[in-house]
Amino acid sequence: MTAPDGPPRLTRLTFHGPLSESRADRLVARLAAGAPATVLDIGCGWGELMLRLLAAVPGARGIGLDLNEEDLARGRRNAELRGLADRVDFLAESATGTGRGPADVVLCLGAAQALSSLEPPGHIPAAFEALRGLVAPGGRVLFGDGFWERPPTEGELAAMWPGAHAGEFTDLAGLVDLAHEAGFRAAWIDPATLEEWDEFESGYRADVEEWLAAHGDHPLAAQTRERADGHRARWLRGYRGVLGLAYLTLVPVG
Ligand SMILES: C[S@@+](CC[C@H](N)C(=O)[O-])C[C@H]1O[C@@H](n2cnc3c(N)ncnc32)[C@H](O)[C@@H]1O
């Protein structure tokens, strides 16, 4: 078997984040209950949750914004396969300062960094402020982003990404406080479980690990192995069980 272009990318993931099928069903049902006419997905990737919401709300229209052409193409293909292509646009444009709102539902899942040029932790309040301006009165924002499950140790921080520091995230209570300070009430607070994280991290890596096992002498093997080993170490020695991710269903205060 030959793979001239290196390993396949993210084919094992349904969502580009720690999200189980059962939680996705609950999130979609809650958002669909408001019968949104418009959905805006910030940093949509392939927009799986947006597509499920559009499927659940006949007539609703969606716009997804991202810069990754490969993921946008995957979203368009899935929309075509599900008969949703005429109700959704996957647009290759930055969400920073976007004028694509207001929308009845705004999704921002693992993509707070797309809404400003600020470094962590300032990107989270900046994202809430931008989302407050993008959601229509009476609408909903579904926001998914990180928080510390407990304070990280120095050893764990050193094993995470370069420059990781304890001030990069708040705890869960602090994250919800920031949403409230920006003019939302958090109607639902859904922290991802460790099982969802492990499923996501393994799914993220599985394509690459299987490819490496079969292509040890490929010209790209050495750099691919170094990247994969680095990621696995950051996860297992650094942020596993320490970095959380919460899905907040936010209601704009009238
Ligand atoms: C962790 S992924 C999440 C994707 C998707 N929301 C999901 O949950 O499946 C973060 C996404 O943000 C996108 N992104 C980063 N900066 C962006 C920007 N300025 N404008 C739009 N998208 C951006 C990345 O390309 C990436 O697809």
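What you are looking at is a predicted structure, and each value in this text was computed from that prediction instead of being measured.

Conventions and cut-offs
Residues numbered from 1 in each chain as written. Predicted model: local features only at pLDDT ≥ 70, side-chain atom pairs only at ≥ 80, totals over all residues. Heavy atoms only, no water. Axes fitted to C-alpha atoms, helices over the stretch in contact; angles between N-to-C directions. Helix = DSSP H or I, 4+ residues; strand = E, 2+ residues; numbered from the N terminus. Parallel < 35°, antiparallel > 145°, perpendicular 65-115°, else oblique. Left-handed = near helix turned anticlockwise from the far one by under 90°. Contact = heavy atoms within 4.5 Å. Nonpolar A, V, L, I, M, F, W, Y, C, P; charged D, E, K, R; others polar. UniProt positions renumbered as here; feature names shortened; annotations may be inferred. Core = buried A, V, L, I, M, F, W, Y, C linked by side-chain atoms within 4.5 Å. Buried < 20%, exposed > 50% of the residue type's maximum accessible area, 1.4 Å probe, protein only. Salt bridge = Lys/Arg side-chain N within 4 Å of Asp/Glu carboxyl O. Near = heavy atom within 4 Å. Polar contact = N/O pair within 3.5 Å; in protein donor to acceptor, adjacent residues only side chain to side chain. Areas by Shrake-Rupley, 256 points an atom, 1.4 Å probe, with all protein chains shown as cover. 1 Å grid on protein atoms, 1.4 Å probe; cavity = no way out; pocket = protein on both sides within 12 Å on 5 of 7 lines; lining within 4 Å. Sits in = over half its atoms within 2 Å of the grid points.

With respect to the packing of helix H7 (residues 194-214) against helix H8 (residues 221-239)
Close contact between H7 and H8 brings their axes to 10 Å; oriented N to C, the two are set at 160°. Taken together, H7 and H8 sit at an angle that is classed as roughly antiparallel. The hand of the H7/H8 crossing is left-handed. In this structure, H7 uses Trp197, Asp198, Glu201, Ser202, Tyr204, Arg205, Val208, Glu209, Trp211 and Leu212 to contact H8, whose residues at the interface are Ala221, Thr224, Arg225, Ala228, His231, Arg232, Trp235 and Tyr239. For the contact of H7 with H8, a count of residues per class yields 9 nonpolar, 3 polar and 6 charged.

Remarks on the UniProt feature "domain: Methyltransferase type" (unreviewed entry) in the protein chain
Under the UniProt annotation, "domain: Methyltransferase type" (unreviewed entry) lies at residues 40-141. Span residues 40-141 is 33% helix and 27% strand, its end C-alpha atoms 9 Å apart.

Considering the nonpolar core
Counting residues in each nonpolar core, the largest one holds 41 residues, and the members touching the most others are Leu49, Leu53, Phe90 and Leu107. For Leu53, the contacting residues outside a window of four places in its chain are Val28, Leu31, Ala32, Val39 and Val105. Listed in part, the 27 residues of the second largest apolar core include Ile42, Cys108, Ala179 and Phe184.

As for the pattern of salt bridges
Enumeration according to the criterion identifies 16 salt bridges in this entry. Where Arg23 meets Glu196, a salt bridge forms, and the shortest distance between an N and an O atom there is 2.6 Å. With Arg23 in helix H1 (residues 21-32) and Glu196 in helix H7, this residue pair connects regions lying 173 residues apart in the sequence. Classification of Glu196 by relative accessible area gives buried; the value is 6%. Glu209 serves as the salt-bridge partner of Arg205, at 2.9 Å between the closest nitrogen and oxygen. Here Glu209 and Arg205 lie together in helix H7, a separation of 4 residues that amounts to about one turn. What makes Glu209 partly exposed here is its relative accessible area of 26%. Connected via shared salt-bridge partners are Glu21, Glu48, Arg52 and Arg82.

Some words on the site of the ligand
Not every one of the 17 residues close to the ligand is listed here, only the nearest: Gly43, Asp66, Ser94, Ala95 and Leu109. Here a nitrogen atom of the ligand sits 2.9 Å away from a polar atom, N or O, in the main chain of Leu109. In the complex, 81% of the free accessible area of the ligand, which totals 600 Å², lies under the protein chains. Judged by its atoms lying within 2 Å of the grid points, the ligand is housed in the largest pocket. Split into classes, the residues belonging to the shell around the ligand amount to 7 nonpolar, 8 polar and 2 charged.

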